[in-house]
Each structure stands twice: as C-alpha cells, then as structure tokens.
Amino acid sequence: MRKLTVFNFVSLDGYYEGPKKGDISWHKFGPEEAEYSTEMLSSGNILLFGRVTYDLMATYWPTPSVIENDPVIAKMINESEKIVFSKSLKKAGWNNTEIIRKKIVKTVHEMKQQPGKDMTILGSGNIIKQFAEKGLIDEYQLMVVPVIIGKGSSMFKDIKIRLNLNLIKTITFKSGNILLFFEQIQPAFVT
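Description of the structure in this document. (Residues numbered from 1 in each chain as written. Predicted model: local features only at pLDDT ≥ 70, side-chain atom pairs only at ≥ 80, totals over all residues. Heavy atoms only, no water.)

When you go through the protein chain residue by residue, the secondary structure sums to six helices and eight strands. Seen in sequence order, the protein chain has helices and strands lined up from the N terminus as β-α-β-α-α-α-β-β-α-β-α-β-β-β. Against the 2.2 N^0.38 benchmark of 16 Å for 191 residues, the protein chain shows a C-alpha radius of gyration of 16 Å, consistent with a compact globule. If one aligns the C-alpha atoms of the protein chain with their principal axes, the spans along those axes are about 45 × 35 × 30 Å. Per-residue burial over the protein chain gives 44% buried out of 191 residues. Pairs at least 24 apart in sequence give 69% of the contacts found in the protein chain among residues at least 6 apart. Counting every atom, the protein chain has about 10300 Å² of accessible surface; 55% of that belongs to carbon and sulfur. Charge centroids of the protein chain, computed over 25 positive and 20 negative side chains, lie 9 Å from each other. (Helix = DSSP H or I, 4+ residues; strand = E, 2+ residues; numbered from the N terminus. Rg over C-alpha atoms; globule rule 2.2 N^0.38 Å. Buried < 20%, exposed > 50% of the residue type's maximum accessible area, 1.4 Å probe, protein only. Contact = heavy atoms within 4.5 Å. Areas by Shrake-Rupley, 256 points an atom, 1.4 Å probe, with all protein chains shown as cover. Lys, Arg positive; Asp, Glu negative; His and termini not counted. Charge placed at Lys NZ, Arg CZ, Asp CG, Glu CD.)

The α-helix advances 3.6 residues per turn, and as a result positions three or four apart in sequence lie on the same side. Of all the residues in helix α6 (residues 125-133), the buried ones are G125, I127, I128, F131, A132 and E133. Where the residues of α6 are buried, they touch β1 (4-11), β2 (46-50), β3 (82-85), α5 (104-113), β5 (119-122) and β6 (139-145).

Glancing now at unusual backbone geometry. Although it is not a glycine, N96 sits at a positive phi angle of roughly 60 degrees. Among the secondary structure elements, N96 is positioned in the loop between β3 and β4 (97-100). Unusually for a residue other than glycine, K103 sits at a positive phi of about 50 degrees. Looking at the element boundaries, K103 is found in the loop between β4 and α5. On the basis of relative accessibility, which here comes to 62%, the residue K103 falls in the exposed class.

Counting across every chain of the model gives one cavity of 30 Å³ or more. Volume-wise, the largest cavity comes out at about 40 Å³. Together, M40, L41, S43, N45, L47 and T120 line the largest cavity. Residues of the lining of the largest cavity, tallied by class, amount to three nonpolar, three polar and no charged. (1 Å grid on protein atoms, 1.4 Å probe; cavity = no way out; pocket = protein on both sides within 12 Å on 5 of 7 lines; lining within 4 Å. Points joined across faces, edges and corners; volume = space filled by probe spheres on them. Nonpolar A, V, L, I, M, F, W, Y, C, P; charged D, E, K, R; others polar.)

We now examine the packing of helix α1 (residues 31-41) against helix α4 (residues 71-79). For any two helices packed against each other, one specifies the inter-axial angle together with the distance between the axes. Packing of α1 against α4 leaves a shortest axis separation of 10 Å and a crossing angle of 30 degrees. Here α1 is positioned roughly parallel relative to α4, judged by the angle of their axes. Between α1 and α4 lies a crossing of left-handed hand. Residue-level contacts link A34, S37, T38 and L41 of α1 to V72, I73, M76 and I77 of α4. For the contact of α1 with α4, a count of residues per class yields six nonpolar, two polar and no charged. (Axes fitted to C-alpha atoms, helices over the stretch in contact; angles between N-to-C directions. Parallel < 35°, antiparallel > 145°, perpendicular 65-115°, else oblique. Left-handed = near helix turned anticlockwise from the far one by under 90°.)

With that out of the way, let us pick up the nonpolar core. Counting residues in hydrophobic clusters, the biggest one holds 28 residues, and the most contacted among them are L4, L48, F85, I121, F131, I137 and Y140. The residues touching F85, leaving out its near neighbours within four places in the chain, are L48, F49, G50, R51, I100, I104, V108, I127 and F131. Counting residues in hydrophobic clusters, the runner-up holds 26 residues, among them F9, W26, L122 and F173. (Core = buried A, V, L, I, M, F, W, Y, C linked by side-chain atoms within 4.5 Å.)

Spelled out as structure tokens, the structure:
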C-alpha cells in the first residue's frame, strides 16, 4: 500500500500562503532546508499538486536561472513524476506530468491501494483539505516558519472532520524553522 505524505510551509498562525494567491514571500529557506529537500526528493515519490501550486512550480523550477543556481534540487524536481489535479488545465507543459481532472479523491484512494511509489503533496492547500477529510493522508510534514502573517489561506479552514494526529519527529533548522512530522491516527476513507 502506498503512503501519502503532505509537505507544506506554514506560518506560526497557520497559513500556507499569504493574503494574495501564491504569496509565499515569508518562507525561510536556507542551506539546511535545501539539504532536507534534496533528501526528500531522493525518495522518488510521485509529486502531487493542485493547479495553482503546479503553475507556480512549473514556471519556477525549469527556468535556466534556477537550474543554474540550484542544480541538484532543480534536476530532481524536474525529473520527478508529477500529477496535477485540475479541471481547467488543458495541457501539462512541465515534463513527466499527468493531469487528473475528475474524481480526484477516488483516484488517489485507488492509487494508494496499488503497489508503486509513495506520493507527496507539495503546497496545494485545497487538495490537502479534500484528501484530509477523506482520511487519505498518512503523514503531515509541516515546516513551521516563525512568522505571523495575520491573513492568508489555511489548509484546514472549514474542515468537516476532526483530524487526530500524533507527533512522531521534529527537526529544528538554524533559520528558526521547525519541521513537524505528524502521522494520522486511525485514517479512514469516508465516502
């Protein structure tokens, strides 16, 4: 059975993006976080995105300046197998990307039951909420940035179920970021 993990930056007050769509200007990302990203990407997991995060990533990682400045992570993420969930995206221009347009919860539930690579959701707060409500997420890796931004988007706003989580690991970075690893207790697929 495949494992589904979430990796997301969150502010101390619980937002994954600022008040404007895609605002991640408050993220702190230093050499230690880059080292962790390299380690995470080397697992070979399939990367999952909502359309907004996919658009941000697809216009950033394949660019020549990013490939030159951050060649290891850029190579790994550009070569990774990727899935974007979108009803509106007509074509995926980023290599190794599959578009799933319908029944995303059912599709991921079925994928989890099959053998194959584990999956990691990067960013994509709306997708996280949908999968969390159905008990599909096995582990949450939340990079807590020591900043309060006051307004923004929450992954769990208006979530319809209670998520019981167990803290299994922490990593503290010199930047002040703290990476919290939570496993979901008693996950269940809810139809």
